[in-house]
Amino acid sequence: MKLRFSPISPFVRKVLVFAHETGLADRIDLVATNPRDEDSDLGQENPLRKIPSLVTDGGEALYDSRVICEYLDGLHDGLKLFPAAAGERLAALRLQALADGILDAAILRIYEGQRPQNYRSPDWDAIQKGKVTTGLNALEEQVDGFGDAMTIGLLSVGCVLGYLDFRFADDNWRGQCPALADWFEPVNERPSMTATMPKLP
């Protein structure tokens, strides 16, 4: 399989963490891709020109991280990260949606900060920061019920917290969410997380 890759994309990291957790990492070749490069052939796999994008062994292109992770979950014989039981599955998917939504808002903050100074909107940045804050508060309220078994929901939460460490360390999310911070410490030390730490080029 071939995965379109950037070392700083949190959604790519989510797929990589998933691959490590399920023992599939060695089956995936990474293809360095800049989605902003108009000369890239990324659009042939994903018409939205976004990463991650995965080409399966059969040549089928899959996107985005949610679809790719669910596909990968069907390729291994271990404990499934997408629970089969309806209630557990719904809880995991809802947690994934919350974590991915926080990531979306955080990434929009990065994009806003990359705009020329005279085009930046402090109000827009504040709106996105508010979404991150309320999302983290919701996670803080739920953390006692996370349980021990890794699921796509908990994996997504780990990835979003890692991204906040990487891009917004000065915002001190740990001070805002101490219980979530305690939960994250051992999660951040899992081999799947340490092997996929984001790096600036």
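Here the residue numbering is sequential within each chain, running from 1 through the sequence in written order. For this predicted model, a pLDDT threshold of at least 70 governs which residues receive local features, and a threshold of 80 or more governs which side-chain atom pairs are given and counted, while totals over whole chains, interfaces and linings are taken from all residues. Note that water and hydrogens are dropped before the side-chain values are worked out from all heavy atoms of the structure.

1. Some details on the pattern of salt bridges
By salt bridge we mean one thing: a side-chain nitrogen of Lys or Arg within 4 Å of a carboxyl oxygen of Asp or Glu. Applying the stated criterion to the full structure yields 12 salt bridges. Linking Lys14 and Asp100 is a salt bridge whose minimum nitrogen-to-oxygen distance equals 2.9 Å. A residue pair is termed long-range when its members are at least 10 positions apart, and Lys14 in helix H1 (residues 10–21) and Asp100 in helix H3 (residues 86–114) qualify at 86 residues. Taken individually, Lys14 and Asp100 each receive the classification buried, so the pair is uniform in this respect. The network of salt bridges with common partners includes Arg4, Asp41 and Glu45. We count a stretch as a helix when DSSP gives it H or I for four or more residues in a row; a strand needs E for two or more, and each element gets its number in order from the N terminus. Relative accessibility decides the category of a residue: with a 1.4 Å probe and only protein chains considered, values under 20% of the type maximum give buried, values over 50% give exposed, and everything between is partly exposed.

2. So, a nonpolar patch on the surface
Together, Leu108, Tyr111, Trp124 and Ile127 make up an exposed nonpolar region whose accessible area comes to about 370 Å². For the nonpolar patch, the secondary-structure elements that each account for two or more residues are H3 and helix H4 (122–142). Position of Ile127 relative to the elements: it lies in helix H4. Residue classification places Ile127 among the partly exposed residues on the basis of a relative accessible area of 45%. Note on patches: the residues involved have over 30% relative accessible area and no salt bridge, like charges join within 9 Å, and the nonpolar side chains Val, Leu, Ile, Met, Phe, Trp and Tyr join within 5 Å. Method for areas: the Shrake-Rupley scheme with a 1.4 Å probe, in which residue coverage is limited to the protein chains shown.

3. Concerning the pairing of strand E1 (residues 2–5)
When DSSP finds two or more bridges between a pair of strands, those strands are recorded as paired. Bridge count for E1 against strand E2 (residues 29–32) is 4 bridges, and the pairing is parallel. Residue pairing across strands places Lys2 opposite Asp29, the latter belonging to E2. A crossover gets the label right-handed when its path from the first strand over the helix to the second runs clockwise, viewed with the strands pointing away from the viewer. Note that the unit made of E1, H1 and E2 has a crossover that is right-handed. Bridge count for E1 against strand E3 (residues 54–55) is 2 bridges, and the pairing is antiparallel. Along E3, the bridge assignment pairs Lys2 with Val55.

4. A short note on the packing of H3 against H4
Only the stretch in contact is used when a helix axis is fitted, and all axes are lines through C-alpha atoms; the angle between N-to-C directions ranges over 0 to 180 degrees. The N-to-C vectors of H3 and H4 enclose an angle of 155°; their axes lie 9 Å apart at closest approach. Taken together, the axes of H3 and H4 are roughly antiparallel relative to one another. Regarding H3 and H4, the two cross each other, and that crossing is left-handed. Across from Leu95, Leu98, Ile102, Ala105, Ala106, Leu108, Arg109 and Glu112 in H3, the residues of H4 making contact are Trp124, Asp125, Gln128, Lys129, Lys131, Val132, Gly135, Leu136, Ala138, Leu139 and Gln142. Polar here means any residue other than Ala, Val, Leu, Ile, Met, Phe, Trp, Tyr, Cys and Pro, which are nonpolar, and Asp, Glu, Lys and Arg, which are charged; Gly is therefore polar. A class-by-class count of the residues in the contact of H3 with H4 yields 11 nonpolar, 3 polar and 5 charged. For this classification, under 35 degrees means roughly parallel, over 145 means roughly antiparallel, 65 to 115 means roughly perpendicular, and everything else is oblique. Each crossing gets its hand from how the near helix is turned against the far one by less than a right angle, where anticlockwise is left-handed and clockwise is right-handed. Only heavy atoms enter the contact rule, under which two residues are in contact if any of them lie within 4.5 Å.

5. As for the sheet that holds E3
Read across the open sheet, the 4 strands follow the order E2-E1-E3-E4; overall the sheet is mixed. A strand with exactly one partner marks an edge of an open sheet, and here the two such strands are E2 and strand E4 (61–62). Across the face of the sheet, H1 comes into contact with E1 and E2 while running at roughly 145° to E1.

6. Observations concerning the packing of aromatic side chains
Stacked, tilted and edge-to-face are the three classes assigned to paired rings of Phe, Tyr and Trp, where Trp is represented by its six-membered ring and a pair needs centres within 6.5 Å; plane angles under 30 degrees give stacked, over 60 edge-to-face, the rest tilted. Under the counting rule described, the total for this entry stands at 4 aromatic pairs. When the centroid spacing of 5.8 Å and the interplanar angle of 70° are considered together, the rings of Trp173 and Phe184 count as edge-to-face. With Trp173 in helix H6 (residues 173–176) and Phe184 in helix H7 (residues 178–188), this pair connects stretches of sequence that are 11 residues apart. In this structure Trp173 comes out as buried when scored by relative accessible area, which is 4%.

7. Some remarks on H7
In an α-helix there are 3.6 residues to a turn, and that puts residues three or four apart on one side. Listing the buried residues of H7 in full gives Leu180, Ala181, Trp183, Phe184, Val187 and Asn188. The buried residues of H7 occupy one face: seen down the axis, they fall within an arc of 165°. Those residues of H7 that are exposed and aimed more than 90 degrees away from the buried face are Asp182 and Pro186. Residues of H7 that are buried sit in contact with H4, helix H5 (152–167), H6 and helix H8 (191–194). Working note: the arc is built from the helix axis to C-beta atom directions.

8. A few points about the side chain of Ser6
Within the secondary structure, Ser6 sits in the loop between E1 and H1. We classify Ser6 as buried; its relative accessible area is 15%.

9. Here's the deal with the nonpolar core
Only buried Ala, Val, Leu, Ile, Met, Phe, Trp, Tyr and Cys residues count toward a nonpolar core, and they belong to the same one when joined by side-chain atoms within 4.5 Å. The biggest cluster of nonpolar side chains holds 54 residues, and the ones touching the most others in it are Leu72, Leu161, Leu180 and Trp183. Broken down by secondary-structure element, the contributors of at least two residues to this core are E1, H1, helix H2 (65–73), H3, H4, H5 and H7. Contact partners of Leu72, with chain neighbours within four places excluded, come to Met1, Val15, Phe18, Ala19, Leu24, Ile28 and Leu54.

Read these as spatial facts, not as claims about activity.
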